[in-house]
Amino acid sequence: MKYAIIENEEFAFINLKEVISAVRPNYECIFSAETVKDSVEYLSRPNDVGLIFMDIELDDGNCFEIFKQVDIQTPIIFTTAYDEYAIKAFKVNSVDYLLKPVAEEDVERAIHKFESMHSASMPDYSNIAAEIAKYHQRQRILIGDGSGYSFVYTDDIGWFEAEDKYITIVLTDGKRRLTDISSLANVISVLDPNRFFQLSRSVVASIDVIGKVSKYFKGRLKAELTAGTERRTEIVSAARRLEFLDWLGHTAIK
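Predicted model only: the values in this text are computed from it and were never measured.

## With respect to the sheet that holds strand β11 (residues 166-171)
Here five strands make up an open sheet; going across it, the order is β12-β11-β10-β14-β13 and the pairing antiparallel. Only two strands of the sheet have a single neighbouring strand rather than two, namely β12 (176-179) and β13 (196-198). Pairwise comparison of adjacent strand axes, ignoring direction, gives a mean angle of 20° for this sheet. Relative to β11, strand β10 (residues 157-163) is paired through six bridges, and the arrangement is antiparallel. The partner of alanine 162 across the bridge, within β11, is isoleucine 167. Sheet strands touched by helix α8 (residues 241-248): β13 and β14 (203-206). Its angle to β13, the strand with the most contacts, is close to 170°.

## Quick notes on the pairing of strand β3 (residues 51-55)
The buried fraction of β3 amounts to five of the five residues, a majority that puts the element mostly inside the structure. Across four bridges, the pairing between strand β1 (residues 2-6) and β3 is parallel. Bridge pairing links alanine 4 to isoleucine 52 in β3. Taken together, the four bridges between β3 and strand β6 (residues 76-80) define a ladder with parallel strand orientation. Looking across to β6, one finds that phenylalanine 53 is bridged to isoleucine 77.

The rules behind each value
Residues numbered from 1 in each chain as written. Predicted model: local features only at pLDDT ≥ 70, side-chain atom pairs only at ≥ 80, totals over all residues. Heavy atoms only, no water. Pairing = 2+ DSSP bridges. Helix = DSSP H or I, 4+ residues; strand = E, 2+ residues; numbered from the N terminus. Axes fitted to C-alpha atoms, helices over the stretch in contact; angles between N-to-C directions. Contact = heavy atoms within 4.5 Å. Buried < 20%, exposed > 50% of the residue type's maximum accessible area, 1.4 Å probe, protein only.

Shown next as structure tokens:
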């Protein structure tokens, strides 16, 4: 059996591959990736992969983004560090999972289940992704301030802005909080997609602070954000124009 591992943590990748080799010496890993981008590129082409081991969190987002871009028919065994509620979502949808750090007996169990399944009974991975995303949406964000940690409720967040190596949270009252969040990808993956949208490479905004949206040059849009005394204008690319308008609720606009 030829398989793939989509995992962004080097130790987790090495550990999983070694365990698979121990329980199934005849299995061959023919592809590995650390990002959504590389996974989509490979899985969009014809390939010989018969089984995928897929981590949830990747370097440039989470695995749910893969399912939005590729119709995956290959059986998947997820790896996750999620809590029991997310695990219940896997169980309800009849897909197997490995709870990190993976143990040999768990890999054996998951592969045995895979080998016992018929292709006709494979679950709908897009539905599974939606269920898990629903369970994993955060109600608050933990941030470090140098001397310790504190949190802000997502209901109080106007937008996130990335500049250089830092990400700042602008609250709906205009106050600013410097964070130790490493990337916007790590933020967007745990936010409610009905409330937050990534307007550009540097800004993820709440629907609550988006005011006037105007047409801009070359099919782009200009969104005006307001949070207390804070003002910001952000340009939405032409490529994301329809997606943004649909998110706003204008599904009839083309």
